[in-house]
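# Summary of the model geometry
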Amino acid sequence: MVNTEAKYIMSIDQGTTSSRAIIVNHDGEIVGSSQAEFEQFYPQPGWVEHDANLIWNNVQQVIAGAFIDGGINPSQIAAIGLTNQRETTVVWDKQTGKPIYHAIVWQSRQTADLAEQLIQDGHQEMIQAKTGLVIDAYFSATKIRWILDQVEGAQARAEAGELLFGTIDSWLLYKLTDGDVHNTDYTNASRTMLFNIHTLEWDQDILNLLNIPRQMLPEVKSNSELLGTTKSYLFFNYEIPITGMAGDQQAALFGQLAFEPGMVKSTYGTGSFIIANLGSEAFLSKHNLLTTIAYVLDGEVTYALEGSIFVAGSAVQWLRDGLQLIENSAETEALAFQSDNEDQVYLVPAFTGLGAPYWNSHARGSLFGLTRGTTKADLAQATLQSIAYQVNDIIDTMRLDTDVAITELRVDGGASLNDFLMQFQADITGVKLTRAKNLETTALGAAYLAGLGIGFWKNREDLMQFVTPGNEYFANMSDEHRRRLIKGWQRAVKTTEYYAELVNEDS
Ligand SMILES: Nc1ncnc2c1ncn2[C@@H]1O[C@H](COP(=O)(O)OP(=O)(O)O)[C@@H](O)[C@H]1O
Ligand SMILES: O=P(O)(O)OC[C@H](O)CO
């Protein structure tokens, strides 16, 4: 059945700790939404896994929830946009659609040794030139290799064409189309460490190096086109086109309407991801940042420079769930304002190693400067500050790498609601922060892509009417103070890395 009264776009945002679905009207307003967390698995220290079937159930739950919340039915949905946690790797049986192993999550360190071996074997330069990425366990490539090695018979089955690989976008698209479609999009493909971002093809040299059969990989599509159509039974007899898809950080850049080269967004979620629009230039970082595809629209590729931080809001979750120092994340704001932190406590939240620009898989979290007088408030402050210091490291590196003068950060994500964090970020980085009025920039970005894909909105100019900046934060700290704090942070990171080196020598 074809939609006759389609007035809305549905967007599904499948994140690391929760999924959400929103319904957006023609004015870019959210008229229905639903969110639900799902279970995380930590089978060994540093490993993080998901159950891909659970994710699918969770997504179906939020889809239904958004319809109920908005009082809207599927006949009113013109198109669906899909956005997702990136890199997380699923391998499933082509016939049955059943995953052969848990999804290995982007944060997981179980392939750190494999990544290190590739570096030691001298492949870094080639991999960066082709994929724009540094070699790290973060990306999908080593995770696929790991699954093919660990699950009995998997390599042979993959070679026989019996297994499929996908990141969460592909997996959900496959489920939404009931197995009809095995596609991904350029942004997600660019995070696998198997995709050549210049030729826009899977790279046979890297596939050979890792012995990954080409036939496992999805077809790569642009971010705003027909990617598949939902099976009618899923949406009460309506077949809804999926016309927008992007990895969540690229979707957030799009949702921030940061279309001009030099515009930078910083998302404060589980991790933190800073992305600068590079325009049409696939500039390669000399300082361990990532070059990635921001979006491909109307045959034109826009590239981005990215700094990825593995632990940001999840450090606040650790205060809440691990240490049980607080009951909810928002409490850290008042606590941090209370602390005078004269002793200068530093937390380096390297719980799953350090991401950009350090790329240290072996580092683990450390606390410095504790005294008998250290309070819960000091720990809350140090935790929020650690997020800002990590973001500052990325902005500094971007400034080193490019001649882009970064004077403004467009911020979003759950933890960007924290006024202490935002003010400290502005102070420590010396930039203005503009927080999106609607923090659902990721889901909105995917909705915009889907809407453009079916002509619901005509073009990017049409979307500019949705620019509604929220709070702004201005730098207000002396240079001397800023330098002193940053020096302390740099010493803390250096010591954390040194400690990891010593521990690693022993093992
Ligand atoms: N007010 C707050 N202060 C500090 N951290 C927060 C606050 N609200 C949420 N967070 C943190 O932000 C993260 C949730 O943000 P969200 O954007 O939903 O993340 P994701 O999309 O990665 O699941 C959690 O890690 C949570 O601890
Ligand atoms: O799910 P999020 O929002 O933590 O985002 C995860 C990133 O896409 C990982 O690269």
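Residues numbered from 1 in each chain as written. Chains lettered and ligands numbered in written order. Predicted model: local features only at pLDDT ≥ 70, side-chain atom pairs only at ≥ 80, totals over all residues. Heavy atoms only, no water.

Per an unreviewed UniProt entry, the protein carries the name Glycerol kinase and comes from Fundicoccus culcitae. On record in UniProt, under Catalytic activity (unreviewed entry), the comment for the protein is "glycerol + ATP = sn-glycerol 3-phosphate + ADP + H(+)". Under the UniProt heading Subunit (unreviewed entry), the entry covering the protein gives this text: "Homotetramer and homodimer (in equilibrium)." (UniProt positions renumbered as here; feature names shortened; annotations may be inferred.)

What follows concerns the overall build of the protein. Along the backbone of the protein there are 16 helices and 23 strands. Summarising its shape, the C-alpha atoms of the protein cover approximately 65 × 50 × 45 Å along the three principal directions. By the burial criterion, 62% of the 507 residues in the protein qualify as buried. Contacts in the protein between residues at least 24 apart in sequence constitute 72% of all its contacts with a sequence separation of at least 6. (Helix = DSSP H or I, 4+ residues; strand = E, 2+ residues; numbered from the N terminus. Buried < 20%, exposed > 50% of the residue type's maximum accessible area, 1.4 Å probe, protein only. Contact = heavy atoms within 4.5 Å.)

In the region of ligand 1, 15 residues are neighbours, and Arg20, Thr270, Gly313, Gly414 and Asn418 sit closest. Taking Arg20, its side chain carries an N or O atom lying 2.9 Å from an oxygen atom of ligand 1. Taking Gly414, its main chain carries an N or O atom lying 2.8 Å from an oxygen atom of ligand 1. When the free accessible area of ligand 1 is taken as 580 Å², the share hidden by the protein chains comes to 82%. Taken together, the residues of the shell around ligand 1 break down into three nonpolar, 11 polar and one charged. (Near = heavy atom within 4 Å. Polar contact = N/O pair within 3.5 Å; in protein donor to acceptor, adjacent residues only side chain to side chain. Areas by Shrake-Rupley, 256 points an atom, 1.4 Å probe, with all protein chains shown as cover. Nonpolar A, V, L, I, M, F, W, Y, C, P; charged D, E, K, R; others polar.)

Looking now at the sheet that holds strand 2 (residues 18–24). Reading across the sheet, the six strands line up as 3-2-1-5-14-13 and stay open at both edges, with mixed pairing between neighbours. The open sheet is flanked by strand 3 (30–37) and strand 13 (228–229), the only strands paired with a single partner. Judged from the five bridges that link them, strand 5 (residues 77–84) and strand 14 (residues 241–247) form a sheet pairing that is parallel. Of the residues in strand 14, the one forming a bridge with Gly81 is Gly244. Of the strands in this sheet, strand 1 (8–14), strand 2, strand 3 and strand 5 touch helix 1 (residues 52–70), which is tilted by about 150° from strand 3. Most of the contacts of helix 6 (residues 168–176) go to strand 5, to which it runs at about 145°, and overall it touches strand 1, strand 5, strand 13 and strand 14. (Pairing = 2+ DSSP bridges. Axes fitted to C-alpha atoms, helices over the stretch in contact; angles between N-to-C directions.)

What follows concerns the nonpolar core. Counting residues in each nonpolar core, the largest one holds 100 residues, and the members touching the most others are Leu194, Met216, Tyr268 and Leu409. If you tally residues by element for this core, the top one is helix 12 (residues 376–401), at 10 residues. In contact with Leu194, other than residues within four places in its own chain, are Thr131, Ala141, Ile144, Glu201, Trp202, Asp203, Ile206, Leu207, Leu210, Ile212 and Leu217. One finds Trp56, Ile80, Leu173 and Leu176 within the second-largest nonpolar core, a separate group that totals 35 residues. (Core = buried A, V, L, I, M, F, W, Y, C linked by side-chain atoms within 4.5 Å.)

Right, let's get into the site of ligand 2. Looking at ligand 2, the residues that line it are Gly15, Thr16, Gln85, Arg86, Glu87, Trp106, Tyr138, Asp248, Gln249, Thr270 and Phe273. The side chain of Glu87 places a nitrogen or oxygen atom 2.7 Å from an oxygen atom of ligand 2. Residue classes in the shell around ligand 2 are distributed as three nonpolar, five polar and three charged.

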